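Here is what each chain is made of, one letter per residue.
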Amino acid sequence: MMEALWSAVAFLSGSLPLAWWIGRWGMKVDIRRYGDGNPGAMNVRRAGGRGWFVLALLLEFFKGAIPIWLARHIGGLSDWQLIPLAIAAPVGHAFSPWLGFRGGKALAVTFGVWSGLTLWQIPMLLGGLFALFLRLAPPEARAVRLGMLSLDGLLAFGVAAGWAPAAWLVVALGHTVLLFWTHRRG
């Protein structure tokens, strides 16, 4: 029961089109008219510059991190109980009901979720993998897909070796499926 409630909170949080609202109300533009047409932080940068981008990126990040943190520290959820929440927040972003179920690519929200789960460990690893593959195998969409597959492999090894919880692997696999979908072009 508690997992369902917290999952709904995570989905709702993830679904809030904060970057789009920044564009609409702060910059007075529809950021979906820029770049790849998504309502995410990168199109805030394209439409309005670095300051707006940093604000949008932080808000997109925290809408993934905060529900996980609250569920862990206030709701008392852990390990397997956190899987639905960890997947719900980026799914909410990618399929936002506020925008007719057409959301963003869910990358910043995914980093937020991993920070809520592991603090800095997985976000740093994932950021390093994305940077490596962006350098070795551009474009961005391919780098994201290769980074997620690499994370899956590393976590599978970690589960077998005993240093990573199996729940992390399940979350990573869910994120991989979602990010493959949101990064299918490119």
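Rules behind the numbers
Residues numbered from 1 in each chain as written. Predicted model: local features only at pLDDT ≥ 70, side-chain atom pairs only at ≥ 80, totals over all residues. Heavy atoms only, no water. Helix = DSSP H or I, 4+ residues; strand = E, 2+ residues; numbered from the N terminus. Buried < 20%, exposed > 50% of the residue type's maximum accessible area, 1.4 Å probe, protein only. Contact = heavy atoms within 4.5 Å. Polar contact = N/O pair within 3.5 Å; in protein donor to acceptor, adjacent residues only side chain to side chain. Salt bridge = Lys/Arg side-chain N within 4 Å of Asp/Glu carboxyl O. Patch = residues over 30% accessible without salt bridge, like charges linked within 9 Å, V, L, I, M, F, W, Y side chains within 5 Å. Areas by Shrake-Rupley, 256 points an atom, 1.4 Å probe, with all protein chains shown as cover. Phe/Tyr/Trp six-rings, centres within 6.5 Å; stacked < 30°, edge-to-face > 60°. Expected span 1.5 Å × (residues − 1). Core = buried A, V, L, I, M, F, W, Y, C linked by side-chain atoms within 4.5 Å. Axes fitted to C-alpha atoms, helices over the stretch in contact; angles between N-to-C directions. Parallel < 35°, antiparallel > 145°, perpendicular 65-115°, else oblique. Left-handed = near helix turned anticlockwise from the far one by under 90°.

1. Structural notes on the environment of N43
At step 1: With respect to the helices and strands, N43 occurs in helix α3 (residues 41-48).
At step 2: Of the residues examined, N43 reaches a relative accessible area of 2% and is grouped as buried.
At step 3: Not counting residues within four places of it along the chain, the set of residues in contact with N43 comprises I31, Y34, G35, D36, G37 and N38.
At step 4: In terms of polar contacts, N43 uses its side chain to reach the side chain of D36, at 2.8 Å.

2. Points about the pattern of salt bridges
At step 1: Summed over all chains, the structure comprises three salt bridges.
At step 2: Residue D36 pairs with K105 through a salt bridge whose shortest N-O separation is 3.0 Å. Taken together, the residues D36 in the loop between α2 (18-27) and α3 and K105 in the loop between α5 (83-94) and α6 (107-118) connect sequence positions 69 residues apart.
At step 3: Given the relative accessible area of 41%, D36 is considered partly exposed.
At step 4: Of the charged contacts in the structure, one is a salt bridge between E60 and K63, with a shortest N-O distance of 3.2 Å.

3. Quick notes on unusual backbone geometry
Glycine aside, negative phi is the norm for most residues, and most peptide bonds take the trans geometry.
At step 1: In this chain, P138 is followed by P139 through a cis amide linkage whose omega measures 10°.
At step 2: Relative to the helices and strands, P139 is located in the loop between α7 (121-136) and α8 (140-161).
At step 3: Phi at F101 is positive, roughly 65°, even though this residue is not glycine.
At step 4: The residue F101 is located in the loop between α5 and α6 in this model.

4. Re a nonpolar patch on the surface
At step 1: Taken together, V54, L58, F62 and I66 make up a surface patch of nonpolar side chains, about 330 Å² in accessible area.
At step 2: Structurally, the position occupied by L58 is in helix α4 (residues 50-73).

5. Re α2
At step 1: Counting buried residues along α2, seven of its ten residues qualify, which places the element largely inside the surrounding structure.
At step 2: Among the residues of α2, those classed as buried are L18, A19, W20, W21, I22, G23 and M27.
At step 3: Elements in contact with the buried residues of α2: α3 and α4.
At step 4: K28 sits one or two residues past α2 and shows a positive phi near 65°.

6. Observations concerning the packing of aromatic side chains
At step 1: Taken as a whole and assessed by the stated rule, the structure comprises four aromatic pairs.
At step 2: Both rings, one in W21 and one in W98, keep their centres 5.7 Å apart while their planes meet at 80°; by these two values the pair is edge-to-face. One end of the pair, W21, is in helix α2; the other, W98, is in the loop between α5 and α6, with 77 residues separating them in the sequence.
At step 3: Taking relative accessible area as the criterion, W98 reaches 48% and is therefore assigned partly exposed.

7. Topic: helix α1 (residues 2-15)
At step 1: Taking 1.5 Å as the rise per residue, α1 with 14 residues should run 20 Å; its terminal C-alpha atoms sit 20 Å apart, in good agreement.
At step 2: Those residues of α1 that sit buried are W6, S7, A10, S13, G14 and S15.
At step 3: Next to the buried residues of α1 lie α4 and α5.

8. Topic: the nonpolar core
At step 1: Of all hydrophobic cores here, the largest spans 36 residues; its most connected members are L85, W114, L117, L126, M148, L151 and L155.
At step 2: Non-local contacts of L85, meaning those with residues more than four positions away in its chain, are made with E3, W6, S7, A10, P67, I68, A71 and L77.
At step 3: Counting twelve residues, the second-largest nonpolar core is a separate cluster that includes L18, W20, W21 and I31.

9. Regarding the packing of α5 against helix α9 (residues 166-182)
At step 1: Interaxial distance between α5 and α9 falls to 9 Å at its minimum, and their mutual angle equals 10°. Classed by the angle they form, the pair α5 and α9 counts as roughly parallel. Crossing angle aside, the handedness with which α5 passes α9 is right-handed. Residues I83, A86, I87, P90, V91 and A94 of α5 pack against A167, V170, V171, G174, H175, L178 and T182 of α9.

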